[in-house]
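Chain residues, written in single-letter form:
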Amino acid sequence: MSVCVETFVLTCRSGSVPQVVAALEAPLVGRAGFLGCWTTELGILNQVVVMIEKLPDDIVWPGSDHGVQGIVQQEWTLHAGTSPQPGLHGGAYEWRLYDILDGCEAQVVGLMEASTPARAEISPAYAVMTASQGASRLLHIWPYADLADRAAKRKLAVESGVWPPKNILPLLGTMQSSILTPVAFSPSR
């Protein structure tokens, strides 16, 4: 497996997200491979998420003086024919993160790859990825115009039987879902 993208989740002190976002703009805008920057609207709050193809060595992240309490970096391998690209995708990105049960990653990837094309006819995935290091995890990201659009498309996907992938739920452990909104300078919005 090859690493395709990296995510950086910056956990911020309450009230410091705007300051952290402002501090990220200059080092990220115009960088080759910079895919997006989002803040959490629903889910674990006070987080800023950055996605980039490969982190350049010279990027300096905002620190505690800006309100950052911690940064979690993760490398991901893309699946299901997805390739996150800058562009206008929507104002609400659903990030669904799952722990994959031991020994089940190949099955999960296969089920996702088989089911994502039919699901994409309702709304395309921004990315379907598995963790390239550490715990076995699945992350899939779906952009929507807004929360009403999300609710309508998810309802259609479930009612039509194309989602979730059949037989995938017994292979997954803990599930988390967050709604992220792109910041003004995000190349994916």
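Above this text sits the structure in question.
Residue positions are given per chain, counting from 1 as you read along its sequence in written order. Thresholds applied to this predicted model are a pLDDT of at least 70 for local features of residues and 80 or more for the giving and counting of side-chain atom pairs; totals over whole chains, interfaces and linings are not thresholded and use all residues. With hydrogens and water excluded, all non-hydrogen atoms of the structure serve as input to the side-chain values.

**Focus: the pairing of strand β2 (residues 34–42)**
The side chains of a regular strand alternate, residue by residue, between the two faces of the sheet.
Logical step 1: The buried count for β2 comes to 7 of 9 residues, which makes it a mostly enclosed element.
Logical step 2: In this scheme, strands are said to pair when DSSP sees at least two bridges between them. Put simply, DSSP marks the helices as runs of H or I at least four residues long and the strands as runs of E at least two long, and each gets a number from the N terminus on. Inspection of the sheet shows β2 paired to strand β3 (residues 47–52) by 5 bridges, in the antiparallel sense. Bridge pairing links F34 to I52 in β3.
Logical step 3: In textbook terms, the turn of a hairpin is the stretch between consecutive antiparallel strands, and for β2 and β3 this stretch comprises 4 residues, one of which, G43, has a positive phi near 115°.
Logical step 4: Taken together, the 4 bridges between β2 and strand β8 (residues 172–182) define a ladder with antiparallel strand orientation. What sits directly across from W38, in β8, is P182. Relative accessibility decides the category of a residue: with a 1.4 Å probe and only protein chains considered, values under 20% of the type maximum give buried, values over 50% give exposed, and everything between is partly exposed.

**As for the packing of aromatic side chains**
Logical step 1: Centre distance within 6.5 Å is the pairing criterion for rings of Phe, Tyr and Trp, where only the six-membered ring of Trp is used; planes under 30 degrees apart are then read as stacked, over 60 as edge-to-face, and the remainder as tilted. If you walk through the whole model with that rule in mind, you get 7 aromatic pairs.
Logical step 2: Judged by centre distance (5.6 Å) and plane angle (85°), the rings of Y93 and Y126 are edge-to-face. Within this pair, whereas Y93 is found in strand β5 (residues 92–100), its partner Y126 is found in the loop between α2 (105–120) and β6 (127–131), the two being separated by 33 residues in sequence. The exposure classification of Y93 matches that of Y126, with both residues buried.
Logical step 3: Three or more aromatic residues joined by ring pairs form one cluster here, namely W38, Y93, W95 and Y126.
Logical step 4: Charge-over-ring contacts are defined here by two conditions on Lys NZ or Arg CZ: a distance within 6 Å of the ring centre and an angle within 35 degrees of the ring normal. The lysine or arginine in question, R119, covers the ring of W142, its NZ or CZ lying 4.2 Å from the ring centre.

**Describing the environment of P124**
Logical step 1: One can find P124 in the loop between α2 and β6.
Logical step 2: Linking P124 and H89, residues 35 residues apart in sequence, is a C-alpha distance of 9.4 Å.
Logical step 3: When residues no more than four places from it in sequence are discounted, the contact partners of P124 are W142 and P143. Contact between two residues is taken to exist if any of their heavy atoms lie within 4.5 Å; hydrogens are not considered.

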